Structures are given as structure tokens and as C-alpha cells.
Amino acid sequence: MARYTVTSALPYANGPVHIGHLAGVYVPADIYVRYLRKKGHDVLFIGGSDEHGVPITIKARQEGVQPQDIVDKYHGLIKESFKRLGISFDIYSRTTSKTHREMASKIFRTLYDKGAFIEKDSEQYYDREAKQFLADRYITGTCPHCGNENAYGDQCEKCGTSLNATDLINPRSTLSGSAPELRATKHWYLPLDQYEPFLREWILEEHKEWKTNVYGQCKSWLDTGLQPRAVTRDLDWGIPVPVEGAEGKVLYVWFDAPIGYISNTKELCPDTWEKYWKDPDTKLIHFIGKDNIVFHCIIFPAILKAEGSFILPENVPANEFLNLENEKISTSRNWAVWLHEYLDEFPGKEDVLRYVLTANAPETKDNNFTWKDFQDRNNNELVAIYGNFVNRAVVLTHKYFGGKVPVPGTLLPEDLELTGELAVLKSNIESSIENYRFREALKETMNIARMGNKYLTDTEPWKIYKENPERVATVLNLCLQIAANMKVLSEPFLPFSSEKLASILNAPLIAWDDAGKADLLPAGHVLGKPELLFEKIEDEAIEFQLRKLADTKIANEKINYIPAPQKSSIQYEDFSRMDIRIGTILEAVKVPKTGKLMKMTVDTGLDKRTIVSGIAEYFTPEELPGKQVCVLANLEPRVIKGITSQGMILLAEDSDGKLIFVSPENIVRNGSSVS
RNA sequence: GGCGAGGUAGCUCAGUUGGUUAGAGCGCAUGAUUCAUAAUCAUGAGGUCCGGGGUUCAAUUCCCCGCCUCGCUACCA
């Protein structure tokens, strides 16, 4: 018996959980832990909500409530829906818990006391209108070396000098446009660069077996070179930095969140939690999505290593992403299948979702969920293969043997082959699960039912019953044994159906290692009431979902779009200083080596000038010439990627981020003023 | 733009440490069958293994270039 600590990424509590989260993290993690438990291992499955960080404060501000209200709402919703889907967490807690606050503080403090952090005092700019400290790149000003008036807080692009924001003359906040004030602040950095040799050895040498996407990304980070990373923030929502003189500062959410795994373990096992985190015999497994790789493979292990007494993860099986009907799942665009809605709309079909998301899991590359595929897999696989096989075996037994498991006769070669294959399939399922290949494991599980269907067709008990009832007894006995094996071996994937099958067979769920054999049900055992394991999903239900997606996609784009709050008042004079003209784009080329920049020549009526704009993702150079646009003409020129941009083209940004030109309704003479 | 992962049958995916006819499930076609939720079983059709070069006796598999998708990151007056 081995000991396992299995974690699944903490969902961020600013929205409900959708099928992408499930397919990527929670369903595979649940399969894994259910399997380990069935094998008799000592395993803890740790989950919880991640409730700190800036996005939650922004959402709270938008909705006019407190951050606590936001996280209370979503934590409850998420916890409840996980439970309903049978995600078998041993604990699902939250990072606003008392235990977590203490644990995160303690770990920070330990590192602090060990001198593991770099402490940096600095004067940082604070935007009084936006009410926050500004990161360097949110500040522009005049370069002290070359006099460029549009240098960034971290670097002047004109002379190439690296700067500190405090070096700038006449700094401005790019958030509000106002002049920020200097405030002294202090932050703590984890010098990741110091852990590079350790990480390199540990990952690149000792964990070559990790999935290629995980290993590749870690290697990329390590080869690029790691930088010290700030682990504190100036913010009023989070865990206070437990150090004197750190008032108003909180732990960076990515420092505190993974510690939540530890805190939640402690909350569950106040006395014994340490053996799950500090005993070298314990295997720690993190289930995550691919966007989380660096935090779980680089930063969190560095924190654990710095602390010194914790074990490191054995594996970090990160999945890719799931698309929905060929489009990226998006919370903000409401393009998702929400778990709590699915559970309401498909009652009793928890396993169908679990099945489809496993059979189609994005294990090696991004995958696509479609409702048609969902229906097909239910109707053609769960119903037709698994459910149907069980039903055939049970109905025939009731018909010929009064619902009692018949006494088997002498086994023929084909019977022995069947039982031999059963053991093979079981072992295939085991090795697949242990290697995090759940899709394959599920397929092998279904092959057991396929094998049963074929066996029934080959032996044709309904034909031979009259002349050879003894043979039929053997055949049906074996079929029921196969069904009993299905019940056990499919339980990690389809726990609800296994319960149901247990009741149909009137036999309890047994341990994993007792399966794989053809003697699970004794002769004479009385079966339970026959009922269908799965039912067909009709076209109407699928059409409803597709219509709903189409509708909510349109509706929510309009309803959910929250315009940015109005900026502070200005005088007419401020406005009148802006010289906005109508101009015509003459030519356009993409700026090489950039993702978004387009270099255009624009006839402003005043002159023909060069303007660089970040629109290349939305327009091709070919479609631009001839277009009339509004140009902010008297904007100070600015060097972008070595090109001097003389002005700015006005664009509207749609709710989905798409850019649209602000153009005159009719053709206007170039140089016309806009006011 | 840099880096990482992926691009294989209509769909979802395996696989090839380079080697005769590239696999599975679903879908489709044909046949068998009727115990079963028109479910099952068998057989079959379907693929310039993203494109172009190169190395090799031989490349889908190795190398180079390019295109596409996703992620991280940079940039986006």
C-alpha cells in the first residue's frame, strides 16, 4: 500500500466551473483517485477554491459588492456542482479559510526567516485615481538620457536604456493619464534563479517521463533563465504579508494558491497532514491545465524546496484545452457548458458527461466537445455497448433461470479464452490509469462489454436453450461474471452507473484486486430488479443545447458587456487641444517581427505621414488602403520598433476585443477637423 | 516576434527507436442475427500520415524552411 496526495488545480472563484475545467483537471483526477482508493492505497484528494487576486476585486467593484461576496457565491456553487458530479474530493475548502491564512503566513514567514527572499525597497508610483500602485509598464514619461518624452517605465525605446520608473521625468499613468505620486513600498522576491540548478537536475534529469508538453515548457523556462519573482503585492484583498512594516501588502495570489493544497490537507487531517506532505514515501501528484505548468513545476517546487521540509511532486499531468463546438471556451463570452446547468438539464446523466469528457479528453492536444458527439457517444457506446450487454445478460438470466446465477458446466476453450482476456483487459486498464492515459483506460474498459456482446452473439444461448440448457447456464454465468467485472472496473470512470449495476446484480462493489476473475458471483445468487443502465438521448435535447448556445452567445455578448467606468472630468480646453482629422490610408505593411503592429502611410490632408498601430491581428495590409479614418494628428511622435509613428488612428474596441475603425459616414475631404 | 506543444481516415485519437499491405473507436456501406433500449456480430470502402526541400538503398517517422491551431511570453501611441 502506497500513500498518495493528489491535488487538482484550485478553480478561481470568480465564475462557475465548465466542461473545460472538468475534462482537463477534475474528471481525470477523480478517476485516478477512485482507482487508487479501489486498490486500497492511502490517498487524499485535495481541492478548493482560489479566492484571492486582482480579478476578484475587479469583479466585486463592477458588481458593487465586496470581494467576499463574490467568492462566497462561486465557492458554494462550485463545491456543490463538483459534489453532484461525483468528484470525490476528500476536502474541498478555500483559500480564505483560517487554516489557509495561517499556513500561507507560516510558510512565508519561514522563508523570510531563512533569508530566502530578496527584499527590495523602492519608491513606486501610485495612481490616486485608479487607487493602485503602477507596474513599470503602466507608466510613461521623459527619458533622462535622451529626452524622449514617451519612454516606458522600464525602458526607453529611443535610446535603448533600461530605466526605473522613478528615473522618468514627468511620469504619467497610462491607466488614468494622471500624474502618479511616488510612494515608498517594499516587496519580497523569490530568487528563482538560485533554484535553477536544482530545478534543472530535478526536472530535466529525474523526470524525463513527464508528459512532453510539461517537460518541454519547463525546459524552455529553464533554458531562458529564471528571474527573481515578486511574491507580494500592494493590494487590499489577500493574505497579509506577515512581516513588520508590510501593512497594506498581501501575498501574491500565485504564492498563496498552491499552498492551499497544503492548508486544505491540514484542515482535513489536523494531526496527520504532515505525512501527506513531508514523508518521502508519499507520492504527490498535481492535476492541472496547461496554462498552469510553470507555477506547479517551477515556482511552487521552488517554494517547497526553499521551505525545506516538504516533498516535491512525483508528476504533474497537465492536460491541454477543450474547445466547444469548434470555438475556444470563454467565460467572458459565455461560450461554455456550465457544470451546474448541465446537472440541472440532464438529471441522472452525470456519468454520461464523465464518459464523454474522458473518452474525448485533451490529453495530448486540444480537443473539441460537440453536442452531437456527446449524443453519439451516449447512444452508440454507453447505451448500445455497455448498457445493452448488461441488459442482455440479465434479461436472459431472468428468462431462463428465474433471475438466479446459473451453475456453470465444463468450460470450453472459448470460455477460457474469455476469462483469460478479462484478466488481460484489467491489467491494461491498470497500466493505462497509472500512466495517466485515461482515454485509453476507458476504451479498454468498454472492450470488456464489447467482448461480452461478441461472446453472446457467438454462443447464441437463445437458440440452444431447448436442446442444451447446461451450456446456456455456463454462458450466462460467464456473462454475469463479465457484468460484475464491469461494475468494478468501470467504477473510477462511471461511479453512478456502477452503483446502479451493483443494484441490478444485487451484489456489492468490491475491491479492485478482487476483479479480473470469473467467480465474482456465486451460483444461485439472486439478481436484483432489471433496469436500464443508460437511456438514449433524443435529438430534441441536443437541439435545445445547440439553440441555447447560439442564443446565449448573442444575448450575453450584449448583456454581459460592462463598459469601462467613465474617466474623470476634463475641461473643454483639454479636448480642444486634440487635433483630430479625417485621413485616408494610402498603404499598409505589417511591421516585421511583431505580432500586431501595422505600419501605414496616411494622407491627413496636412501631409502624408507614417503611423504605426497595433491592428495587424484584425486587418490585412491589402484591405486597408483607401479607408478613411480619424487621426489624432498632433500627438507627439513616438518610436515603435524603430519606426517613428506620427499620430494615432482612432479605433473602437468591441466587447470581444475586436477593433473597428471610427470612420466618417460619407467620404469627407482629407484634413477635415473632427470636433 | 521568441519559446513550448500539436497538425495521421468524415469525426475523436493511437502509432512508427526509418523498412514489405499506416491502426482503433464512432460514422458510412453490405451481410448475418433477433436474447437485447432498431440494440448486437461479421465484412468492407475511406488516408500524397499539413506543404516544400534535404539526408538515406528506404521518411509519415530524422534534419532544414514554410503554413495552421493552442499555451507561455514580448509587443500593442
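Asks: What is the right way to look at the nonpolar core in this model?
Replies: Formed by 167 residues in total, the largest nonpolar core has its most connected members in F255 and F369. Apart from residues no more than four positions distant in its own chain, F255 is found in contact with A104, I107, F108, L111, F117, V231 and I303. Residues A588, A616, L624 and F661 belong to the second largest nonpolar core, which totals 15 residues.

Asks: In this structure, what is going on with unusual backbone geometry? I would like to understand it.
Replies: The general pattern is negative phi for most residues beyond glycine and trans for most peptide bonds. Backbone geometry at E325 places phi at a positive 45°, although glycine is not the residue there. Note that E325 resides in the loop between β15 (322-324) and β16 (327-328). With a phi angle near 55°, N506 is a residue other than glycine that sits in the positive phi range. For N506, the location among the structural elements is in the loop between α17 (495-505) and α18 (539-559). A relative accessible area of 45% means that N506 is categorised as partly exposed.

Asks: Got a minute to help me understand the pairing of strand β2 (residues 42-49) in this structure?
Replies: Remark: a regular strand shows side chains that alternate across the two faces of the sheet. Burial within β2 is extensive, with eight of its eight residues counted as buried. Because side chains alternate across β2, one face comprises the buried residues D42, L44, I46 and G48, and the other comprises V43, F45, G47 and S49, equally buried. Bridge count for strand β1 (residues 3-8) against β2 is five bridges, and the pairing is parallel. Residue pairing across strands places R3 opposite D42, the latter belonging to β2. Regarding topology, helix α1 (residues 19-38) serves as the crossover connection from β1 to the parallel β2, and that connection is right-handed.

Asks: What is the right way to read the pattern of salt bridges from this model?
Replies: Close approach of charged atoms allows side chains of opposite charge to pair. Under the criterion given, the structure shown has 39 salt bridges. As a salt-bridge pair, E341 and K548 come within 2.8 Å of each other at their nearest N and O atoms. With E341 in helix α10 (residues 339-345) and K548 in helix α18, this residue pair connects regions lying 207 residues apart in the sequence. For E341, a relative accessible area of 27% gives the class partly exposed. The closest approach of N and O atoms between D376 and K372, which form a salt bridge, is 3.0 Å. Linking D376 with K372, this pair stays in helix α12 (residues 371-401), spanning four residues, or about one helical turn. Look at the salt bridges and you will find they share partners, linking K39, K426, E430 and D513 into a network.

Asks: Help me understand the protein's contact with RNA strand B in this model?
Replies: Neighbouring RNA strand B are 51 residues; S220, K290, T364, N367 and R638 lie closest to it. Sugar and phosphate atoms represent 79% of those atoms of RNA strand B found within 4 Å of the protein. Here R439 contributes a side-chain N or O atom positioned 2.4 Å from a sugar or linking oxygen of RNA strand B. G614 is positioned with one of its backbone polar atoms (N or O) 3.3 Å from a sugar or linking oxygen of RNA strand B. Those elements that place two or more of their residues in the surface near RNA strand B are α6 (212-224), α12, α14 (438-459), α15 (461-464) and β22 (638-640). When residues in the surface near RNA strand B are grouped by element, the largest group, 13 residues, is from α12. Along the lines of polarity and charge, the residues of the surface near RNA strand B split into 16 nonpolar, 16 polar and 19 charged.

Criteria and thresholds
Here the residue index of a chain counts from 1 through its sequence in written order. To read the labels, note that chains go from A and ligands from 1, taken in the order they are written. Local features in a predicted model are, by the rule used here, given only for residues with pLDDT of at least 70; side-chain atom pairs are given and counted only at 80 or more, and totals for whole chains, interfaces and linings are based on all residues. Neither water nor hydrogens contribute to the side-chain values; these are computed over all heavy atoms in the structure. Nonpolar cores were defined as sets of buried Ala, Val, Leu, Ile, Met, Phe, Trp, Tyr and Cys residues, with membership established by side-chain atoms within 4.5 Å. Here's how the labels work: a residue is buried when its accessible area is under 20% of the maximum for its type, exposed when over 50%, partly exposed in between, all with a 1.4 Å probe on protein chains only. Contacts: residue pairs with any heavy atoms within 4.5 Å of one another. Secondary structure counts use DSSP, requiring at least four H or I residues in a row for a helix and at least two E residues in a row for a strand, with both numbered from the N terminus. Strands are labelled as partners when DSSP assigns at least two bridges between them. If the strands point away from the viewer and the path from the first strand over the helix to the second runs clockwise, then the crossover is right-handed. By convention in these notes, a salt bridge is any Lys or Arg side-chain nitrogen within 4 Å of a carboxyl oxygen on Asp or Glu. Throughout this document, a residue counts as near a molecule or strand when at least one of its heavy atoms sits within 4 Å of that molecule or strand. Throughout this description, a polar contact denotes any pair of N or O atoms lying within 3.5 Å of each other; where both atoms belong to protein, one of them has to be capable of donating a hydrogen while the other can accept it, and for residues adjacent in sequence the pair is counted only when both atoms sit in side chains. Classification convention: Asp, Glu, Lys, Arg as charged; Ala, Val, Leu, Ile, Met, Phe, Trp, Tyr, Cys, Pro as nonpolar; all other residues, Gly among them, as polar.

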